[in-house]
Every structure is written in structure tokens, then in C-alpha cells.
Amino acid sequence: EELDMLLTNGRLSAENKQIIFNEYEKKLLIDGEAAALRMAQQLIVSTPEFHTSNAVRPSGSSRSIPESHPPKGVPYKAIVYLMLSGGADSFNMLVPHTCAKKDMYSEYAKVRG
């Protein structure tokens, strides 16, 4: 109940609460209280209630499969940024390369090294 209030503002569904409680009980017997609490926290942050600010109400029906679109034949570029060691140094997320009026990369390299 306390974790539900702290992490989801009390929005955790009864079904998800029961699943988390059952897994907490199992982990408690095997690895102790600290491991069980950590596992319960991890399960809560994987629920839809944690990732929304509204009440989650399952409709009971399956989602339809979205229509597939054929490729457009145009080259595609994407930036993928993986944070594997925590923290976000926002000045290193997107490094400037070229700009029309100013050499932003030289300025960046001078400041950031």
C-alpha cells in the first residue's frame, strides 16, 4: 500500500497489486526483505499505472493490429542515445556539427574539450 501511494499515487490496480504482493512474498522467503522490496519497486515501475497520471482502466478488448505501410525508399537517419551508467550530461547528448553562421563545433570542443 505504501509503495502504491508513493510510486503511483494510489492508482495501482487490484490485479497488479496482487501480482506484486505474491512475487514480493516469494522473494522475501528466498532472498530476504531488502531484495523483496527492491523487486517490488521494479515491478511497480513496470506497470502502466506508474507511467501515467490518469487512472488506467483496461477495456477488456484486444488492440487492433496497425496497418503496415510500405517503405518509401528514402534514406532514414536516427539518433539513438543509450545511457548505461546513469545521469544525463545534456551538453553531450547532441554535439553540434555545422551551423550556417557560426562554427558551433569549434566552440563546443573548446568548452568541453
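One can find the structure itself at the top, above this paragraph.
Draft legend 1. Local environment of the overall build of the protein chain. The helix and strand inventory of the protein chain stands at 4 helices and 0 strands. Secondary structure of the protein chain in N-to-C order comes out as α-α-α-α. Taking all 113 residues of the protein chain together, the buried fraction comes to 12%.

Draft legend 2. Main features of helix H3 (residues 33-44). For H3, which comprises 12 residues, the first-to-last C-alpha distance of 16 Å matches the rise-based estimate of 16 Å (1.5 Å per residue) to within 8%. Check the buried side of H3 and you find it contacts helix H1 (2-8) and helix H2 (14-31).

Draft legend 3. Seen up close, a nonpolar patch on the surface. Taken together, Val 80, Leu 82 and Leu 84 make up a surface patch of nonpolar side chains, about 400 Å² in accessible area. You can call Leu 82 exposed: its relative accessible area is 62%.

Draft legend 4. A look at the pattern of salt bridges. Enumeration according to the criterion identifies 2 salt bridges in this entry. Where Glu 23 meets Lys 26, a salt bridge forms, and the shortest distance between an N and an O atom there is 3.0 Å. In this pair, Glu 23 and Lys 26 are both assigned in helix H2, 3 residues apart and thus about one turn of the helix distant. Glu 23 gets classed as partly exposed once you look at its relative accessible area, which sits at 29%. In this structure Lys 26 comes out as partly exposed when scored by relative accessible area, which is 47%. In this structure, the salt-bridge partner of Lys 27 is Asp 31, at a minimum N-O distance of 2.9 Å. Remark: Asp 31 and Lys 27 occur in helix H2; sequence separation between them is 4 residues, near one turn of the helix.

Draft legend 5. Region of interest: the nonpolar core. Membership of the largest hydrophobic core is limited to 7 residues, which are Leu 12, Ile 20, Tyr 24, Ala 36, Met 39, Ala 40 and Ile 44. With 4 residues, H3 is the largest single contributor of residues to this core. Ignoring sequence-local partners within four residues, the contact set of Leu 12 consists of Asp 4, Lys 17, Ile 20, Ile 44, Thr 47 and Glu 49.

Draft legend 6. Focus on the packing of H2 against H3. For the pair H2 and H3, the least separation of the axes is 7 Å and the interaxial angle reads 155°. As judged from the angle between their axes, H2 and H3 are roughly antiparallel. Of the two elements, H2 crosses H3, and the hand of that crossing is right-handed. Touching Ile 20, Glu 23, Tyr 24, Lys 27, Leu 28 and Asp 31 of H2 are Glu 33, Ala 35, Ala 36, Leu 37, Met 39, Ala 40, Leu 43 and Ile 44, all from H3. When its residues are assigned to classes, the contact of H2 with H3 shows 10 nonpolar, no polar and 4 charged.

Draft legend 7. How the structure looks around the layout of surface pockets. Of the volumes computed, that of the largest pocket is approximately 320 Å³. Contributing to the lining of the largest pocket are 14 residues, with Glu 1, Glu 2, Leu 3, Ile 20 and Ala 40 lying nearest its centre. Of all the secondary-structure elements, those providing two or more residues to the lining of the largest pocket are H1, H2 and H3. A breakdown of the residues in the lining of the largest pocket according to their chemical character gives 9 nonpolar, no polar and 5 charged.

Reading the values: the criteria
- Residues numbered from 1 in each chain as written.
- Predicted model: local features only at pLDDT ≥ 70, side-chain atom pairs only at ≥ 80, totals over all residues.
- Heavy atoms only, no water.
- Helix = DSSP H or I, 4+ residues; strand = E, 2+ residues; numbered from the N terminus.
- Buried < 20%, exposed > 50% of the residue type's maximum accessible area, 1.4 Å probe, protein only.
- Expected span 1.5 Å × (residues − 1).
- Contact = heavy atoms within 4.5 Å.
- Patch = residues over 30% accessible without salt bridge, like charges linked within 9 Å, V, L, I, M, F, W, Y side chains within 5 Å.
- Areas by Shrake-Rupley, 256 points an atom, 1.4 Å probe, with all protein chains shown as cover.
- Salt bridge = Lys/Arg side-chain N within 4 Å of Asp/Glu carboxyl O.
- Core = buried A, V, L, I, M, F, W, Y, C linked by side-chain atoms within 4.5 Å.
- Axes fitted to C-alpha atoms, helices over the stretch in contact; angles between N-to-C directions.
- Parallel < 35°, antiparallel > 145°, perpendicular 65-115°, else oblique.
- Left-handed = near helix turned anticlockwise from the far one by under 90°.
- Nonpolar A, V, L, I, M, F, W, Y, C, P; charged D, E, K, R; others polar.
- 1 Å grid on protein atoms, 1.4 Å probe; cavity = no way out; pocket = protein on both sides within 12 Å on 5 of 7 lines; lining within 4 Å.
- Points joined across faces, edges and corners; volume = space filled by probe spheres on them.

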